[in-house]
Amino acid sequence: MGKAKKRSFHKGINECKGVLTREGAVNNVVEILKTAKSDEMIEAYKLITLFGMSAEEILEAGATYEAVLGLKGILKEE
């Protein structure tokens, strides 16, 4: 591995900007559902399936019942 590639690789490892907690993901999903922009809904679907969120979890974070009902097909059932 060359010097530049090695430097870039380690720079990416040391910068932990991609860390997302479960709580942060739930909050992101709720904010996306509140704005209801169609281009951001794909990101919400990805977060829901990645973390295996349940309807109860999203409702407790502040989403409306109607928004959560629209996601019924991808939410985890408990």
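Above: the structure in question.
Right, let's walk through the structure included here. For clarity, every value in this text was computed on a predicted model and none was experimentally measured.

**Focus: the environment of Ile-48**
Take Ile-48: it is sitting in helix α3 (residues 38–51). Classification of Ile-48 by relative accessible area gives buried; the value is 1%. Spatially, the C-alpha atom of Ile-48 lies 7.5 Å from that of Ile-74, the residues being 26 residues apart in sequence. With residues up to four places along the chain from it excluded, the contact list for Ile-48 reads Val-29, Met-53, Ile-58, Leu-71, Ile-74 and Leu-75.

**Observations regarding α3**
Its 14 residues give α3 an end-to-end C-alpha distance of 21 Å, which sits within 8% of 20 Å, the value for a rise of 1.5 Å per residue. Of all the residues in α3, the buried ones are Met-41, Ala-44, Leu-47 and Ile-48. Summarising the axial view, the buried residues of α3 lie within an arc of 120 degrees, below the 170-degree limit, and thus occupy one face. Looking at α3, the residues exposed on the side facing more than 90 degrees away from the buried face are Asp-39, Ile-42, Lys-46, Thr-49 and Leu-50.

**Here's the deal with the nonpolar core**
The biggest cluster of nonpolar side chains holds 16 residues, and the ones touching the most others in it are Val-29, Leu-33, Ile-48, Met-53 and Ile-58. For this core, the secondary-structure elements that each account for two or more residues are α2 (22–35) and α3. Here this core takes six residues from α2, the largest share from any one element. Here Leu-33 is in contact with Met-41, Ile-58, Ala-63, Ala-67 and Leu-71, once residues within four sequence places are set aside.

Cut-offs applied
Residues numbered from 1 in each chain as written. Predicted model: local features only at pLDDT ≥ 70, side-chain atom pairs only at ≥ 80, totals over all residues. Heavy atoms only, no water. Helix = DSSP H or I, 4+ residues; strand = E, 2+ residues; numbered from the N terminus. Buried < 20%, exposed > 50% of the residue type's maximum accessible area, 1.4 Å probe, protein only. Contact = heavy atoms within 4.5 Å. Expected span 1.5 Å × (residues − 1). Arc of directions from axis to C-beta. Core = buried A, V, L, I, M, F, W, Y, C linked by side-chain atoms within 4.5 Å.

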